[in-house]
Amino acid sequence: MDVLIPKKKWSFITRWWWLGALVLAATGLAVMYWPRPGQRLHVAASRLTISPVTQGNFQEFTAIDGVVQPLRTVYLDAAEAGTVQQVLVEEGSTLTAGQPLLRLANPDLQLEMVNRETAVYELMNNLRNTRNQLLQIRILRQNQLAEIDFQLAEAKRVFDTNQALYDQQVIARQDYLQSQNAYHYQRRRRQLTQQTLRQDSIAMQQQLGTMQESVQRMSSNLALMRRKLDDLLLRAPVGGRLSSLAAEVGEAKTRGQRLGQIDALVGVKLHATVDEFYIARIETGQAGEVIIEGQAYALRVTKIFAQVAKGLQIDLAFTGASPPGLRRGQTLPIRLALSAKAPAVLLPKGGFYQQTVGNWAFKLAADGSRAQRVAIRLGRQNPDYYEVLAGLQPGDQVVTSSYEGYADQQELVLDNRQP
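The shown structure was predicted, so the numbers you read here are calculated from the model rather than taken from an experiment. (Residues numbered from 1 in each chain as written. Predicted model: local features only at pLDDT ≥ 70, side-chain atom pairs only at ≥ 80, totals over all residues. Heavy atoms only, no water.)

Caption draft 1: Expanded view of the nonpolar core. In terms of nonpolar packing, the biggest core is built from 24 residues, with Leu347, Phe362, Leu392, Tyr403 and Leu412 touching the most fellow members. Elements with a minimum of two residues in this core: strand S1 (40-44), strand S18 (342-348), strand S19 (360-364), strand S20 (370-375), strand S22 (385-390), strand S23 (397-399) and strand S24 (411-415). Among the elements that make up this core, the one with the highest residue count is S19 (four residues). In contact with Leu412, not counting residues within four places along its chain, are Leu41, Val43, Phe362, Ser369, Arg370, Ala371 and Tyr406. Formed by 23 residues, the second largest nonpolar core is a distinct cluster that contains Val84, Leu104, Leu234 and Leu245. (Core = buried A, V, L, I, M, F, W, Y, C linked by side-chain atoms within 4.5 Å. Buried < 20%, exposed > 50% of the residue type's maximum accessible area, 1.4 Å probe, protein only. Helix = DSSP H or I, 4+ residues; strand = E, 2+ residues; numbered from the N terminus. Contact = heavy atoms within 4.5 Å.)

What follows is the structure, encoded as structure tokens:
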């Protein structure tokens, strides 16, 4: 007869035994197939940047941006205060030297000009009157001298006659002495008159000279005032392009106020800011270059500004022909040389340096199927290349993209399929 067989039940120990076995099996599979340090890792080739190691000339340089500025800028300031009466040119116009730009009006200055002219004319009139008076006095003195000369000659004639007669005892001694005294009197009188005439001449020359100097000074002041009036008509000091003009009809301008600027058409320069890290390595005459549409144009540092504000300010000029079509304010990339060119093994820059600090890199095998971790040593660097000192040779292919996630691997297996 059939016998009822009871259903077997797992004991508590049996259940835990089988669970432990499953955990051990899963752990073993994970250990076998999970990437570990020192093992190879499969990576899609499209996710990597592979760069060749080359032989070339290495040069330290820093990349900076230069702003195009005119080689010479002339600023226009108001020489005299006034109200803008007329604007004769437009901003952006090409000017010639001496061309009128705008006219200012200053009634006070014009009134002062009239007053000074009147003062000069009065002084000149006084000078003429004084000269005429002095000439009349001189003529009067000369007439007096002529009269004295006549009286002196007559007194001498009488004295000489009386002396001869007195020697012959024809006339009395009293008549002789009277004629002698008259002669000496007229001679002394002539001496005094001559002395007075000389002194009058000296005084007249001094007075006329003083008045003439006053006239010259006032005339000079008048000429200066005329130039100040002429300054109310602002003219272009040089030829060039009027890059700015801040003036509207009816607007009041003060003396010294900036009205605009002219860019002289004699060439351009580049103004740039260099990081303070390079201050000690920048000097006047230092070389640089700017590359436009594949053509290099040489530059040199012409000016280093003493004040350091958010970096070192420098000016650079083209050593040869400047690129055509440059406009004020345009920005150009500049390579400012910090050393001379020297032969070296070059490795393009990349994100790998952040993980390796230049101590190692992944170098591709000859067939390009894998990249092996190799020790390297890098030297100087510029924005484009590292200088390779050891570990790599020209012709090697190196993974230069970031090694994030690969830093603990010894080998990368490149998978050419898309990730």
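Resuming the write-up.
Caption draft 2: Main features of the pattern of salt bridges. Scanning the model with the defined rule gives 15 salt bridges in all. Glu80 is the salt-bridge partner of Arg255, the closest N and O atoms lying 2.8 Å from each other. Of this pair, Arg255 sits in the loop between strand S11 (252-253) and strand S12 (258-263) while Glu80 sits in the loop between strand S5 (73-77) and strand S6 (82-87), and the two are 175 residues apart along the sequence. Classification of Glu80 by relative accessible area gives buried; the value is 8%. Two residues, Glu289 and Arg335, come together in a salt bridge whose shortest N-O distance is 3.5 Å. Of this pair, Glu289 sits in strand S14 (residues 287-292) while Arg335 sits in strand S17 (residues 331-337), and the two are 46 residues apart along the sequence. Look at Arg335 and you get partly exposed, because its relative accessible area is 30%. What emerges from the salt-bridge pattern is a single network uniting Glu60, Arg281, Arg380 and Glu387. (Salt bridge = Lys/Arg side-chain N within 4 Å of Asp/Glu carboxyl O.)

Caption draft 3: Structural context of the sheet that holds S14. Taken together, the six strands give a closed barrel; going around it, the order is S4-S13-S16-S15-S14-S17, and neighbouring strands pair in antiparallel fashion. Going across the sheet, the axis of each strand differs from the next one's by a mean of 40°, ignoring polarity. Sheet topology note: the S14/S17 ladder contains three bridges and is antiparallel. Residue pairing across strands places Glu289 opposite Arg335, the latter belonging to S17. (Pairing = 2+ DSSP bridges. Axes fitted to C-alpha atoms, helices over the stretch in contact; angles between N-to-C directions.)

Caption draft 4: View of the side chain of Thr62. Of note, Thr62 is situated in strand S4 (residues 61-70). Assessed through its relative accessible area of 8%, Thr62 is described here as buried. Each residue touching Thr62, except ones within four places of it in the same chain, is listed here: Tyr278, Ile334, Arg335, Leu336 and Leu338.

Caption draft 5: Inspection of the pairing of S22 at higher detail. Looking at chain direction, S18 and S22 are connected through four bridges and run antiparallel. Residue pairing in the sheet places Leu347 in a bridge with Tyr386 of S22. Here strand S21 (residues 377-381) pairs with S22 via three bridges, running antiparallel. Across the sheet, residue Leu378 finds its bridge partner in S22, namely Val388. The hairpin formed by S21 and S22 contains three residues between the paired strands.

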